[in-house]
Amino acid sequence: MTQLQHTQAQVQELNQHSIATLGNTVDVPTYDRSKVKSGIVHIGVGGFHRAHQAAYINELLKTPGNEQWGICGVGLLEANRGLRDVLAKQDNLYTLTVRHPNGQVDNKVIGSMVEFLFAPENKQAVIDKMAHPDTKIVSLTITEGGYNLHPATGEFDYSNPDIIHDIANPLQPITAFGYISAALKQRKEQGLAAFTVQSCDNIQHNGHVTRKMLLAFVQKQDSELAHWIEQHVAFPNAMVDRITPISKQSDIDYVSQAYGVTDGWPITCESFTQWVIEDTFSNGRPNWDTVGAQFVGDVTPYEKMKIRLLNAGHSVLGLLGELHGYSTIDETVSDPLFAQYLRAFMDLEVTPLLDELPGIDLDGYKDTLIERFANPNIKDSLARICSESSAKLPKFLIATISDNLAQGRDIALAALVIASWCLYSDRGVNQQGNTIDIHDAMAHELSVAAKLTTTTPTSFIEQGSIFGELANNDEFISQYTRAIAAIYAPNSQIKDVMAATLVNKSK
Ligand code: CS2
């Protein structure tokens, strides 16, 4: 045992009372949390929010004068009940374990979330909180799928049963759009200023998309409110970045051993963090730039760079790695063939599409991505990376394929990834014979379409809600079916097909 490790007898629960005794072993909130008010209501308190926005606010609160910028977390889903119970026991405190590539570990107790509301038990409390005069920002991490846009058309999907419910029941919402609309209506009626709606999800133009989707929703409920939103609500675009794996029992064990505290839901993340935000807010904002975020006039080129390189890069490694039988990103990228494939994909199929990036050394950025993926202390599972691929890939990867085809460029590397996604959905086992852990809202549809491949080689890409018009593109069909033939051949190994694709690419 190292000096820092504690015996079971000394372990105490993490809460406002116990943090007073931890000052020497861990970075605890030094500010008076009882004075902090919720200026931000955040929907979707997953690991990423707790490692990113909540960590920035935690730093900000250390400087007096920022007490109006605490966070009220909101859980919309029944699945958030467990989180609510843990946070309630812990006075909404949790540990953030920051793991550097060189093995250094920093533990911080984050105190910026001062309230948490579990929406299924009290919907009106959530609407009232958002409508409260202290609330200046409603921020979101509702995942790519949460924006309810039809991936292929980019339009609002009115056929979603939850949306149909919310349009008909404005005071009993289920979706983020339903809550935001109800709260903004209350503010409008009470003559209060609108809050900013701030997306923190990995979607290009995330602010514009949120605005378009919210307006499409509200139009069907109350066109006057939609008009008021158009005039008064700001939707800043932003690029967000910090790799945050899913918390595991080993993270809980680590925290109790490292500083003698039982934390029911600690979060682990990498040391790298980035947040580039367009400075358009309707009702004030925290000075996030004093704690490491950047305000810019136009975030578009940075978002595109990040989503098309990092997020797509994750999916490339994730799907190919799952098929081969790897289980984490660091394990996958430490295989030289996978690292080479990723680098070729970034250099040859993404870089030519990126816009000018003032102040960014793109080669350096790509090197850093590979180093971050290789961080051996972040055991980021391929299962997490590949989860909800049906919502992620249209934005991360399929957009790159369409752009390349429109410019007459080759797409062989990306086409193999899509073909691998088909085989992954078809077989559900990797090439070592082990079951692949698939989490996707469309898992059933994906598997049904994939299973038709042997008779109809294009069946998988004919799923219009994911691939749109691509299924009719001859060049895409030819590259995709070539990749399908290679990976469906008897005894085919994904690594051999990757190597052959790289060789052809360099010809
Ligand atoms: C990942 C992201 O597949 C994914 O969703 O690429 O969660 C990624 O880890 C973050 O975007 C990093 O900023």
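Computed from a prediction, not measured in an experiment: that's the story for all the values here.

Procedures and definitions
- Residues numbered from 1 in each chain as written.
- Predicted model: local features only at pLDDT ≥ 70, side-chain atom pairs only at ≥ 80, totals over all residues.
- Heavy atoms only, no water.
- Near = heavy atom within 4 Å.
- Polar contact = N/O pair within 3.5 Å; in protein donor to acceptor, adjacent residues only side chain to side chain.
- Areas by Shrake-Rupley, 256 points an atom, 1.4 Å probe, with all protein chains shown as cover.
- Helix = DSSP H or I, 4+ residues; strand = E, 2+ residues; numbered from the N terminus.
- Domains from an automatic or database assignment.
- 1 Å grid on protein atoms, 1.4 Å probe; cavity = no way out; pocket = protein on both sides within 12 Å on 5 of 7 lines; lining within 4 Å.
- Points joined across faces, edges and corners; volume = space filled by probe spheres on them.
- Buried < 20%, exposed > 50% of the residue type's maximum accessible area, 1.4 Å probe, protein only.
- Contact = heavy atoms within 4.5 Å.
- Buried area = accessible area lost by both parts, 1.4 Å probe.
- Salt bridge = Lys/Arg side-chain N within 4 Å of Asp/Glu carboxyl O.
- Nonpolar A, V, L, I, M, F, W, Y, C, P; charged D, E, K, R; others polar.
- Axes fitted to C-alpha atoms, helices over the stretch in contact; angles between N-to-C directions.
- Parallel < 35°, antiparallel > 145°, perpendicular 65-115°, else oblique.
- Left-handed = near helix turned anticlockwise from the far one by under 90°.

1. Focus: the site of the ligand
Residues in close proximity to the ligand include Asn202, Asp241, Arg242, Ile243, Lys306, Leu310, Asn311, His314, Arg384, Ile385 and Lys392, which together make up its full environment. In the model, an oxygen atom of the ligand is placed 3.0 Å from a nitrogen or oxygen of the Arg242 main chain. In the model, an oxygen atom of the ligand is placed 2.8 Å from a nitrogen or oxygen of the Arg384 side chain. The protein chains hide 93% of the 340 Å² of surface that the ligand would expose on its own. Elements supplying a minimum of two residues to the shell around the ligand: helix H10 (300-324) and helix H14 (382-386). Ranked by residue count, the leading element in the shell around the ligand is H10, at four residues. Of the domains in this structure, domain 1 (12-296) and domain 2 (300-506) are the two that each give at least three residues to the shell around the ligand.

2. Examining the layout of surface pockets
Of the pockets and cavities examined, the second largest pocket occupies roughly 400 Å³. Along the walls of the second largest pocket sit 20 residues, with Pro151, Ala152, Pro394, Lys395 and Ala399 positioned nearest its centre. Listing elements by their share of the lining of the second largest pocket, those giving two or more residues are H10, helix H15 (389-406) and helix H18 (464-467). Considering every element that reaches the lining of the second largest pocket, the biggest residue donor is H15, with five residues.

3. Considering unusual backbone geometry
Positive phi values are uncommon outside glycine, yet Asp91 reaches one of about 50°. Position of Asp91 relative to the elements: it lies in the loop between helix H3 (81-89) and strand S4 (94-99). Owing to a relative accessible area of 34%, Asp91 belongs among the partly exposed residues under this scheme. Unusually for a residue other than glycine, Thr143 sits at a positive phi of about 70°. Among the secondary structure elements, Thr143 is positioned in the loop between strand S7 (137-140) and helix H5 (161-168).

4. Quick look at the domain arrangement of the protein
Domains assigned within the protein are domain 1 (12-296) and domain 2 (300-506). One C-alpha centre belongs to domain 1, the other to domain 2; they are set 30 Å apart. Listed by partner, the interface residues are 32 residues for domain 1 and 29 residues for domain 2. A combined buried area of about 2500 Å² lies between domain 1 and domain 2, and 61% of that area is made up of carbon and sulfur atoms. Our enumeration of links across domain 1 and domain 2 arrives at three salt bridges. Note that Asp241 is salt-bridged to Lys306, the shortest N-O span being 3.9 Å. Linking domain 1 with domain 2 are nine residue pairs in polar contact (both at pLDDT 80 or more), by the criterion used here. For the side of domain 1 that touches domain 2, the secondary-structure elements that each account for two or more residues are strand S9 (238-241) and strand S11 (267-270). By residue number, the principal contributor to the side of domain 1 that touches domain 2 is S9, which donates four residues.

5. Focus on empty space enclosed by the protein
Using the criterion set out here, one finds one cavity of 30 Å³ or more in the structure. Considering only enclosed or pocket space, the largest cavity measures out at about 40 Å³ in volume. For the largest cavity, the full set of lining residues is Ile243, His314, Ile329, Arg372, Phe373, Asn375, Ile378 and Asp380. Among the residues making up the lining of the largest cavity, the classes are represented as four nonpolar, two polar and two charged.

6. What to know about the packing of helix H6 (residues 176-190) against helix H7 (residues 206-221)
Put simply, H6 and H7 touch, their axes get as near as 10 Å, and they point 70° apart. Here H6 is positioned roughly perpendicular relative to H7, judged by the angle of their axes. With respect to the hand of their crossing, H6 and H7 are arranged in right-handed fashion. Note on element contacts: H7 touches H6 through Thr210, Met213, Leu214, Phe217, Val218 and Gln221, opposite Phe177, Gly178, Ile180, Ser181 and Leu184.

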